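# Coordinate analysis (summary)
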Amino acid sequence: MEPRGRGRGYGRARGNPQQQQQYPPQRPGYGGPRQQYQQQAPPDPRQPPRGPPQSAWTRPPQPQAWVRPPAGAPPQPVQQPLGRGGRQAGDDQSQGAIPRRVVGEGDQAMSTAPATRGAGGNNVRGRVVNRTEILFTKPKTMTSKQGTSGAAINLLANYLPLLHKGKWCLYQYRVDFNPDTDITSERKKLLRIATKELLRGGYLFDGTALYTPQRINPDSVDLFVQNDKEENVRITIRLVGDVAWGDRHYIQLFNIIIRKCLALMGLQQVGRNYYMPDNKVVLREHRIQLWPGYFTSMRQHERDILLNVDLQFKFMRTDNVYDLLMEECQGANMKKEFQEKVIGCVVLTYYNNKTYKIDDVDFNSSPESTFKKADGSEITYRKYYQDKYKVNIRDSRQPMLISRSKPREIRAGMPETVYLVPELCQMTGLTDKQRENFNLMKQLATHTRVGPDGRIAKLLEFSDKIHRKPEVVEEIRRWDLGIGDSLVRFKGRVLNPESIFGAKDDRFSAGPQADWTRELRARPMLYSPTVDKLLVLCPGRLKGPTQDFMQVMGKVVSGLRWRFGRMEIVDLPDDRAASYLRYVDSIKESELPKLILTVLSSNSQDRYGAIKKKCCVDRAIPTQMVVARNFNSKGVMSIATKMAIQMNCKVGGAPWSVSIPLSHLMVVGYDVCRDTSNRKKSFSGMVASLDKQLTRYFSYTSEHEMEEELSNNFATFVALACKKYKDVNGQYPERILIYRDGVGEGQLEYVYEHEVTRIKDRLKQEIYPNSELKLAFVVVSKRINTRIFTDRKDNPPPGTVVDDTVTLPERYDFYLVSQCVRQGTVSPTSYNIIEDTLGLSPDKMQVLTYKLTHLYFNWSGTVRVPAPCQYAHKLAFMVSQHLHRPAHPDLETLLYYL
């Protein structure tokens, strides 16, 4: 039993209010608890309420996948009985990730970590999903999703095949309790005690459904056990049926077996993954430890069940939250500073080895505050830690940290709020200040940026441990399974290098490395609007270096055939933000320049944001920023070239393009970022192409707090973009291709049902009421754990496509390596096409996607995602980080955010 929070709106903790208002003079150092859920006793009328009473939860039946499985698809789960509140047995699993389950083995049970949430900042609703269901997005009529273009290449991936050795059969049982209990953790505990002698092997139990490879005889059995209140509980176990090989429950069970093997290998679980603290790298001067470890996930791929293994690194800081409070948060604004530094951080508690995200700080609570135990008695946090964990809290006046449990955790028996003691919470991850430390990041990169040959060696070392560690070998043999000892091999394709063209149809090859930086310096850009006057703002003390740099800039723009008018340099009295803003305000409306080049003395984010907000929001003037130290760089010519290209794009120009065979195609990119000034608010960045070469874009941002607003805004933008396209081209686009970034594994169904459906409905009503809508919606995923290598143990070249073996049978998906990486291991990007009525073959979709990675004008090479997707990210990032409001409407067709 552990201390619990006070429900929603945690309120005020009990304790000495005088002690709670004072703050600590001394220092400690350990880590804090997660509190387990108990049913609340009836409220005491003599005491103030401590939060809403807890009750048995209910939920509606789970929605079905939106596309029926086609004929010949992998086997589906057997029909499962509904559990409490309409819950389906086998619920709470994570599709392809490690599910949250408990596997029992005799009197032992292993709890697996919860599945991760989707990528942060996307604001897709964290809803309940039945993850045992397979979401089929592959069209029924598609016979093959493989392309044909390019040259064949032999590849490896970081997957080990699962070898099915024995005659496997998984039996499903329904488990009922009398008297019943709504607490899942209590049900698991009672079943574990009752089946200690009955189930000698492993089993899987989610609170209602039991899965085991052992047949229980007879098919229905009653067991009796006493609960914590010494009441007799009857547990009825009834056979429902057996589950076919390849069912998702097999995958879930195999994942749990693998995670148990990791523990047997001596790895330590931190959060979701397993790490090797004995191999940690200590950076004492930065108070950081780097723990190496492994990510593992098993799922059904095209033909085989494969185990995905990748290297993981955990940044562990040697300071705790209390150290942060004492050293960096002092003075009149101490509370505000402390909240800004810790809210959103993830901390590790030493005694139970769990991680928590900090959601708030309760300055009215302290370790001397009390909470109620299951028996109704009250105990202070200090006393609880001392009794349960033998930990002494040295400062009784520190505030308490609050972590709000996820819905999955609440259903599993956790309280809604968890109270943590700062001095018992170790900080994890890197601070913004540490990330800006070039020497620190370079030092860390020597350990984390592992090349292909080194990564393959580490993966084979992992395989060797599985096959040589006696305890692991015995565990796998006991389940009659086998794991391959070498990485999976298959064939991929390398698409042909693209031709880049500039002004007057000047063409050149992107080359095998997809980098054309050198070719740009002496070639005219595709389109360069005339700039009559370039206004340059700089502090007076930097006027000399600025004049020298502008001479270099003059040579660069001449080589790029860009007609520039005069350059007016204005020297400001100082480098304060107010000086820049005053001058921009003084410019008459009739004399607004097309572009302002701003020279900064240092990389101050506050000054940068203030100038951007004034120019982009108030005055509608694109701005180009440069820090003065770049004037002395050895590569000053290269810096000037890149700046000239950016400046050209910001005034409506385009440096290059590639051949796009489709006419009247509009490509849309979409991404979301959270506002740094208000974490409850997000800004979505949406861009849509307006020309055939895909060089001009209509940009739009919207602010939202709720997921419903996000979906509505997305549909509104696509309809608005179609109208803007018609204004420019005289007709609506014939085809619309949408690339959507920032979607987690469990959010695909929500994205389809809300975003895709609403976009289609809106377009059919407003734009295409009497004509066919040709639309494709592609989910782009960068944060994946798949790594691809050539058979020579190096990175595959740009243009490498993988559409077989490691892709998923239920999806219309492919992997693309579009960028060239010279350090570390390249990360492919996953493309999952969840809606497609364009009429293009898989090969053409792959080639078109690769072409779009050449059109991001901030880099003269290919990027990891299609250019509209990257532009959308840059737009959302600019607005959420610096502007905090949409830019001036006059800038909507300019790439002012580059």
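Position numbers for residues count from 1 along each chain, tracking the sequence in the order it is written. pLDDT decides what is reported in this predicted model: residues at 70 or higher carry local features, side-chain atom pairs at 80 or more are listed and counted, and totals for whole chains, interfaces and linings draw on all residues regardless. The side-chain numbers reported here are obtained from all heavy atoms of the structure, hydrogens and water having been left aside.

Think of it in three bands: with a 1.4 Å probe and only protein chains considered, a residue is buried below 20% of the maximum accessible area for its type, exposed above 50%, and partly exposed in between. We count a stretch as a helix when DSSP gives it H or I for four or more residues in a row; a strand needs E for two or more, and each element gets its number in order from the N terminus. The buried count for strand β27 (residues 531-539) comes to seven of nine residues, which makes it a mostly enclosed element. Each pair of strands is called paired provided DSSP finds at least two bridges between the two strands. Of the pairings in the sheet, the one linking β27 to strand β28 (residues 564-572) comprises eight bridges and is parallel in character. Bridging across to β28, proline 539 finds its partner in leucine 572. A crossover gets the label right-handed when its path from the first strand over the helix to the second runs clockwise, viewed with the strands pointing away from the viewer. Handedness of the crossover joining β27 and β28 through helix α13 (residues 543-559) is recorded here as right-handed. Across four bridges, the pairing between β27 and strand β29 (residues 595-600) is parallel. Bridging from a neighbouring strand, leucine 535 pairs with isoleucine 596 of β29.

Now for the packing of helix α3 (residues 248-264) against helix α11 (residues 470-478). Each packed pair of helices is defined by two parameters, the angle between the axes and the distance between the axes. With their axes 9 Å apart at the nearest point, α3 and α11 run at an angle of 160 degrees to one another. What the angle tells us is that α3 and α11 run roughly antiparallel. Both α3 and α11 take part in a crossing whose hand is right-handed. Contact residues: Lys260, Cys261 and Leu264 in α3; Glu471, Val472, Glu475, Ile476 and Arg478 in α11. Taken together, the residues of the contact of α3 with α11 break down into four nonpolar, no polar and four charged. Lines fitted to C-alpha atoms define the axes here, with helix axes fitted over just the stretch in contact, and angles between the N-to-C directions of these axes take values from 0 to 180 degrees. In this scheme, roughly parallel covers angles under 35 degrees and roughly antiparallel covers those over 145, while 65 to 115 is roughly perpendicular and the rest are oblique. Left-handed is the label given to a crossing in which the near helix is rotated counterclockwise from the far helix by less than a right angle, and right-handed is the label when the rotation is clockwise. Two residues qualify as a contact provided that any one of their heavy atoms is within 4.5 Å of a heavy atom in the partner residue. Gly is placed with the polar residues, together with every amino acid not listed as nonpolar (Ala, Val, Leu, Ile, Met, Phe, Trp, Tyr, Cys and Pro) or charged (Asp, Glu, Lys and Arg).

Before going further, it helps to spend a moment on the nonpolar core. If you look at the biggest cluster of nonpolar residues, it comprises 102 residues, and the most contacted ones within it are Met553, Leu737, Tyr739 and Tyr871. Broken down by element, the residue count for this core peaks at eight residues, all from helix α20 (residues 867-883). The next biggest cluster of nonpolar side chains, apart from the first, holds 40 residues, and it includes Trp168, Tyr250, Ile256 and Ile476. Buried residues of nine kinds, namely Ala, Val, Leu, Ile, Met, Phe, Trp, Tyr and Cys, make up a nonpolar core once their side-chain atoms join them within 4.5 Å.

We now examine the packing of helix α4 (residues 321-328) against helix α5 (residues 334-342). Two numbers describe how α4 lies on α5: the axes approach to 10 Å, and their chain directions differ by 140 degrees. The angle between the axes of α4 and α5 places the two elements in the oblique class. Of the two possible hands of crossing, α4 and α5 adopt the one that is right-handed. In this structure, α4 contributes Val321, Leu324, Leu325 and Glu328 to the contact, and α5 contributes Met334, Glu337, Phe338, Lys341 and Val342.

For the rest of this paragraph, the subject is the sheet that holds β27. Strand order in the open sheet made by the four strands is β28-β27-β29-β30, with parallel pairing throughout. Every interior strand has two partners, whereas the edge strands, β28 and β30 (623-627), have only one. Here the average twist between neighbouring strands, direction ignored, is 20 degrees. The strands touched by α13 are β27, β28 and β29; relative to β28, the strand with the most contacts, the crossing angle is about 165 degrees. Contacts from helix α16 (residues 636-650) reach β27, β28, β29 and β30 within the one sheet, and its direction differs from that of β30 by about 160 degrees.

Here a helix's expected span is defined as the number of its residues, less one, multiplied by 1.5 Å. Taking 1.5 Å per residue as the helical rise, helix α15 (residues 605-619) with its 15 residues ought to reach 21 Å, and the 20 Å between its terminal C-alpha atoms agrees with that figure. Of all the positions in α15, only Arg607, Tyr608, Gly609, Ile611, Lys612, Lys614, Cys615, Cys616, Val617 and Arg619 are classed as buried. On its buried face, α15 is in contact with α14 (577-586), β29, β30, α16 and α20. Among the residues trailing α15, alanine 620 stands out with phi positive, at a value near 60 degrees.

Let us look at the pairing of strand β8 (residues 220-226). Only one face of β8 is buried, namely the one carrying Val221, Leu223 and Val225, since none of Ser220, Asp222, Phe224 and Gln226 on the opposite face is buried. By the bridge criterion, seven bridges tie β8 to strand β9 (residues 232-243) in an arrangement that is antiparallel. When the bridges of β9 are listed, valine 225 appears paired with valine 233.

Okay, the sheet that holds strand β25 (residues 499-501) next. Note: strands within a sheet are paired through backbone hydrogen bonds, in either parallel or antiparallel orientation. Read across the sheet, three strands follow the order β26-β25-β31 without closing on themselves; strand pairing throughout is antiparallel. Among the strands making up the open sheet, the edge pair consists of β26 (507-509) and β31 (657-658).

This brings us to the side chain of serine 699. Relative to the helices and strands, serine 699 resides in strand β34 (residues 697-704). On the basis of relative accessibility, which here comes to 7%, the residue serine 699 falls in the buried class. Two N or O atoms form a polar contact when they lie within 3.5 Å of each other; inside protein one atom must be a possible hydrogen donor and the other a possible acceptor, and for residues adjacent in sequence the pair counts only when both atoms belong to side chains. Within the structure, serine 699 has its side chain in polar contact with the side chain of tyrosine 897 (distance 2.8 Å). Once residues lying within four places of it in the same chain are set aside, the contact partners of serine 699 are Met686, Val687, Leu875, Glu892, Leu894 and Tyr897.

For this analysis, a salt bridge means a side-chain nitrogen from Lys or Arg found within 4 Å of a carboxyl oxygen belonging to Asp or Glu. For the coordinates displayed, the defined rule picks out 41 salt bridges. Its salt-bridge partner being aspartate 804, residue arginine 303 comes within 3.0 Å of it at the nearest N-O pair. In this pair, arginine 303 is assigned in the loop between β13 (288-300) and β14 (305-320) and aspartate 804 in the loop between β38 (800-802) and β39 (813-817), connecting sequence segments 501 residues apart. Note that arginine 740 and glutamate 755 form a salt bridge whose closest N and O atoms lie 2.8 Å from each other. Here glutamate 755 lies in helix α18 (residues 748-766) and arginine 740 lies in strand β35 (residues 735-741), a separation of 15 residues in the sequence. With respect to burial, arginine 740 and glutamate 755 carry one shared label: buried. One connected set of salt bridges, linked through shared partners, spans Lys145, Glu302 and Asp813.

The linkage connecting asparagine 178 with the following residue, proline 179, adopts the cis geometry, with an omega of 0 degrees. Inspection of the secondary structure assignment puts proline 179 in the loop between β5 (170-178) and α2 (184-194). Phi at lysine 390 is positive, roughly 60 degrees, even though this residue is not glycine. With respect to the helices, strands and loops of the structure, lysine 390 is situated in the loop between α6 (381-389) and β20 (400-404). Owing to a relative accessible area of 67%, lysine 390 belongs among the exposed residues under this scheme. Even without being glycine, alanine 620 reaches a positive phi, approximately 60 degrees. Among the structural elements, alanine 620 can be located in the loop between α15 and β30. Residue classification places alanine 620 among the buried residues on the basis of a relative accessible area of 18%.

Here the focus is the side chain of glutamine 846. Mapping glutamine 846 onto the fold places it in helix α19 (residues 842-852). Glutamine 846 sits in the buried class, given a relative accessible area of 1%. Other than its neighbours up to four places away in sequence, glutamine 846 contacts Lys145, Gly147, Arg493, Leu495, Val801, Asp803 and Phe814.

Throughout, disulfides are identified as pairs of cysteine sulfur atoms within 2.5 Å of each other. Tallying each qualifying case throughout the model produces zero disulfides. In this structure cysteine 615 is not part of a disulfide, and its nearest cysteine sulfur, from cysteine 616, lies 6.4 Å away.

Right, let's talk about the packing of aromatic side chains for a bit. Centre distance within 6.5 Å is the pairing criterion for rings of Phe, Tyr and Trp, where only the six-membered ring of Trp is used; planes under 30 degrees apart are then read as stacked, over 60 as edge-to-face, and the remainder as tilted. The final tally for this structure, using the stated rule, is 24 aromatic pairs. For the ring pair tyrosine 697 and tyrosine 871, a centre distance of 5.1 Å and an interplane angle of 55 degrees mean the geometry is tilted. Pair noted here: tyrosine 697 is in strand β34 and tyrosine 871 is in helix α20, with a separation of 174 residues, a long-range link. Residue classification places tyrosine 697 among the buried positions, given a relative accessible area of 1%. By the ring-pair criterion, three or more aromatic residues cluster together here, those being Phe371, Tyr381, Tyr384, Tyr385, Tyr389 and Tyr419. Sitting above the plane of the tyrosine 389 ring, lysine 388 keeps its charged end 5.7 Å from the centroid. Two conditions define a charge located above a ring, namely a distance within 6 Å from the ring centre to NZ of Lys or CZ of Arg, and an angle within 35 degrees of the ring normal.

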